[in-house]
Every structure is written in structure tokens, then in C-alpha cells.
Amino acid sequence: MTNPLPVLLDVDTGGDDALALLLALASPALDVRGITCVAGNCALKQVVANTLTLLDAINAPPVPVAAGMDRPILEPGLSAPALHGSDGMGDLGLPAPQRTEVDLHAVEFLRRALADAAEPVTLICLAPLTNIAMLLRLYPRIGDRIERLYVMGGTFAAPGNTTPAAEFNVRYDPEAAAIVLHSGLPVTLYPLDPFMQVRLTKEEAEKLTQAKGAGARIAGGIALHYCRFFGMDFSLIGDAGTVATVIDPAGAASERRPLHVELSSGAARGATVFDRRIITDGFAREGEWTDVDVVTRVDAARYRKLMATALGAAEALDDKRK
Ligand code: RIB
Ligand code: CA
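Now for a quick tour of the structure. (Residues numbered from 1 in each chain as written. Chains lettered and ligands numbered in written order. Predicted model: local features only at pLDDT ≥ 70, side-chain atom pairs only at ≥ 80, totals over all residues. Heavy atoms only, no water.)

In a perfect tetrahedron of four donors around a metal, the angles come out at 109.5 degrees. In a perfect octahedron of six, they are 90 or 180 degrees. Distances from the calcium ion (ligand 2) to its protein donors, namely Asp12 (OD), Asp17 (OD), Asp17 (OD), Leu126 (O) and Asp239 (OD), fall within the range 2.2 to 2.6 Å. Spacing between the donor residues of the calcium ion (ligand 2) along their common chain follows D-x4-D-x108-L-x112-D. Of this pair, aspartate 12 sits in the loop between strand 1 (5-11) and helix 1 (15-26) while leucine 126 sits in the loop between strand 4 (121-125) and helix 4 (130-138); the two residues are 114 residues apart in sequence, bridging distant segments of the chain. Comparing aspartate 12 with leucine 126, the two get one shared label, buried. (Donors = N, O, S within 2.8 Å, 3.2 Å for Na, K, Ca; no water. Helix = DSSP H or I, 4+ residues; strand = E, 2+ residues; numbered from the N terminus. Buried < 20%, exposed > 50% of the residue type's maximum accessible area, 1.4 Å probe, protein only.)

So, in C-alpha cells, the structure goes:
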């Protein structure tokens, strides 16, 4: 058996960040060295509270949690999307957390965790990229300690979810996204295209709420919350798909493409523009472009199974569904 991959997660918990944390913490393939929080789906204080609440609820080992940036680099934060519930994590009524965050800013926590690690560490970024951008600007040489960044953000061919052109994590802090995605560090982008692919049905979510493990029951509760909010008979695993890509890269198809993060004001702000032309060499491109690996689609059945199995609730899935 290979050693678990050392990872740090940057989150804005957030219901689907909670699903991602549940998967990461349950997977023997990952060694979660810490969780950093940033404003996004909810205000920073709520993100930290939700993350600690979740860790308590599953009786997780004492993984350090650090609070980071409470707003984007330039703009005031967007108002929190209502879809995550009034507490930002599906209003499950979980008890208030007993554990507390570490007494260190997330950016400083990340620097120390990366510098102290015996080997380069993988960053899984599921939120606006403010913490990571600040890390790279304050400590430009820290990139040597980063194995790869897996970033949930942007769109490839899909429409945006926050504006017609832009996905939430990138639109919330476009300058931070530009700093990180144009850094030249190895990046795998998990955009809305695969994000929209991996689903749980309402029946499956209901079965998960009856499972033995606390993680599965919470995942079911969150999925049911989204089904109810959208009035749909399915819910997405969302950010958890990014974690699945780290655990099981063979389940994802990706392309290496030049990417541009649009920073102008107006309709295209926060859009991720890919050069998808068949022949790109020698043809004009304006602005800053950086090659990244972008996940274009995933094996949804495989990732659904990965998620349910990690949570000890494979029996909750309808096997015939893709
Ligand atoms: O746009 C998708 C992103 O926004 C995810 O990171 C998710 O948490 C959502 O709120
Ligand atoms: Ca998120």
C-alpha cells in the first residue's frame, strides 16, 4: 500500500465543502494535515464554526483548523448565496463545536505546514483563492513546497453560476484567482463542468440519513437540504468531486489548455477563458495566459461510489444510476 498523500484543504464551508471534508477525512488515500478557512459561501466566522462543528460531529482526529482572510483582496465580498441555508451548512441543527481553531492566521499556518513538511504537499482549494493568493505573494518561494494545487473554480464550456460568465469562487475574488492560476505552479482546475455531473438522488440522500456512520448521515442531510432548496429530486456532491479527483485521478478526463482569468469590470469579470482552438500556436492571444490541467468530465458513477464507500454507506446507492 502506498503512503497516504499529504494534503491541506482550503474551504468556505459551505454544505458542499462539508461533503468534500467528509470524503477527505474518511479516505485512507489522504493524510489531511490541516484545514484553512476563508470567506465565501458564508462570513469567515461562520465558515470556521461550520468546519469545527463538522469535525466534532464525526469525532474527527484533532486536525488543525485556521481562520484566514475575511474578504476578497479588492472588492467587498458578494453577499452569501442563500442555497446553503441560514447557517451555510444545510441547517442540520448540529451541536455547537467544542474544539477551537488554532491561534494562527491561515496564511501563516499554511506557510509553516508547507515549510515543515518532509515532502511537498498537495493543496485542495475549494473556495475563493484569497488565502492562497496572499500566501504566494507574502512567501513567493513557498511554491517549491507545493506538489500541486487542485482548485474548484471557473468554467470550461459550462455557463457560470454566479454571473452568466463566472463561477462563484473565481468571481468572489478574481484578483486572487488570477494570482494563483497564473502563478505557474502545477494546477488542476475542477470547473463547473464536472462539478455539475456527480449527483445523489433524493432517495439515496434519504437512505444516507439513516446510515450507521455520522459522516454518511450528515452527507445525506446536506444533500436533502439542497434537494429541498432547489425543489429537485437530486443533489450534487459539488466540491467533493474535486477531492475525488485527487484520490482517484483515473476517474477524471482532463486537458492541458491555456487559461486567462478575466479581471475587467463588467459582464465577463471573473470568467475563466480557455483557449479551446484546435491550433493555438502562432495565433494571437491578448492578456495573461497560463497552461493548466482542466478536468473536462468525470466518471460520475465511479465518484458517487467512491464517496458512499468512503462514508461506509455504499448500500445507500442505487447501482443502476450513472
Ligand atoms: O461555485 C461552486 C462553488 O460555490 C463551490 O466551491 C461551492 O462551495 C459553491 O458554493
Ligand atoms: Ca466551496
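Alright, that's what it looks like, and here's the rest.
In the region of ligand 1, the neighbouring residues are Asp16, Asp17, Asn41, His84, Leu126, Met152, Asn161, Glu167, Phe168, Asn169, Phe195 and Asp239. Here an oxygen atom of ligand 1 and a side-chain polar atom of aspartate 17 are 3.0 Å apart. Contact between ligand 1 and histidine 84: an oxygen atom at 3.0 Å from a side-chain N or O atom of the residue. When isolated, ligand 1 has an accessible area of 270 Å², and the protein chains bury 95% of it. Classifying every residue of the shell around ligand 1 gives four nonpolar, four polar and four charged. (Near = heavy atom within 4 Å. Polar contact = N/O pair within 3.5 Å; in protein donor to acceptor, adjacent residues only side chain to side chain. Areas by Shrake-Rupley, 256 points an atom, 1.4 Å probe, with all protein chains shown as cover. Nonpolar A, V, L, I, M, F, W, Y, C, P; charged D, E, K, R; others polar.)

What follows deals with the pairing of strand 5 (residues 146-152). Within strand 5, five of the seven residues are buried, which leaves the element mostly enclosed by the surrounding structure. Pairing analysis gives five bridges linking strand 4 to strand 5, with the strands arranged parallel. In the strand pairing of strand 5, threonine 122 is matched with arginine 148. For the crossover from strand 4 across helix 4 to strand 5, the handedness is right-handed. Sheet topology places strand 5 next to strand 6 (residues 187-190); four bridges connect them, and they run parallel. Within strand 6, the position partnered with methionine 152 by the bridge is tyrosine 190. (Pairing = 2+ DSSP bridges. Right-handed = clockwise from strand over helix to strand, strands pointing away.)

Any functional reading would require information that these geometric values do not contain.
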